[in-house]
Amino acid sequence: MKNPFERDDVDYHALVNEEGQYSLWPTTIEVPAGWRVTYGPSDRQSVVNFIEGAWTDMRPKSLVDAMNNPT
């Protein structure tokens, strides 16, 4: 059985959470709590390309906010 996150024969979504972190997610698996669909469904490579373009700062939003607003 192939890993559902590495298959080229299923569609995917790009998910994002409140921290601005992205995930490649097969449409065959329920979206987990705390995540929302931000792109797709589409083929795997298109979703990977979207995530690479959208997620340019790997730091969680809370860290970025803390660094921009030191106490």
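The structure we're discussing is the one just above.
Description of the structure in this document. (Residues numbered from 1 in each chain as written. Predicted model: local features only at pLDDT ≥ 70, side-chain atom pairs only at ≥ 80, totals over all residues. Heavy atoms only, no water.)

## Things to note about the sheet that holds strand E1 (residues 12-17)
The following threshold applies: At least two DSSP bridges between two strands are needed for those strands to be called paired. Numbering of helices and strands runs from the N terminus; a helix is a DSSP stretch of H or I covering at least four residues, while a strand is a stretch of E covering at least two. Whenever a helix is involved, its axis is fitted only over the stretch in contact; in every case the axis is a line through C-alpha atoms, and angles between N-to-C directions fall within 0 to 180 degrees. Contacts are assigned to residue pairs that have any heavy atoms within 4.5 Å of one another.
On the basis of which strands lie adjacent, the open sheet formed by three strands has the order E2-E1-E3 and antiparallel pairing. Bordering the open sheet on either side are strand E2 (22-26) and strand E3 (35-42), each of which pairs with just one other strand. Each adjacent strand pair in this sheet contributes to an overall mean axis angle of 30°, direction not counted. Here E1 runs beside E2; their pairing, made up of five bridges, is antiparallel. What sits directly across from Val16, in E2, is Tyr22. Sheet strands touched by helix H1 (residues 44-54): E1, E2 and E3. Its angle to E2, the strand with the most contacts, is close to 170°.

## A look at the environment of Tyr39
Our working definition: For every residue, the accessible area obtained with a 1.4 Å probe (protein chains only) is divided by the maximum for its type, and the residue is called buried under 20%, exposed over 50%, and partly exposed between those limits.
Relative to the helices and strands, Tyr39 is located in strand E3. Judged by its relative accessible area of 29%, Tyr39 falls in the partly exposed class. As for Tyr39 and Tyr22, which are separated by 17 residues in sequence, their C-alpha atoms are 10 Å apart. Leave out the neighbours within four places in its chain, and Tyr39 touches His13, Ala14, Ser46, Val47 and Phe50.

Interpretation in functional terms is not warranted from these geometric data alone.
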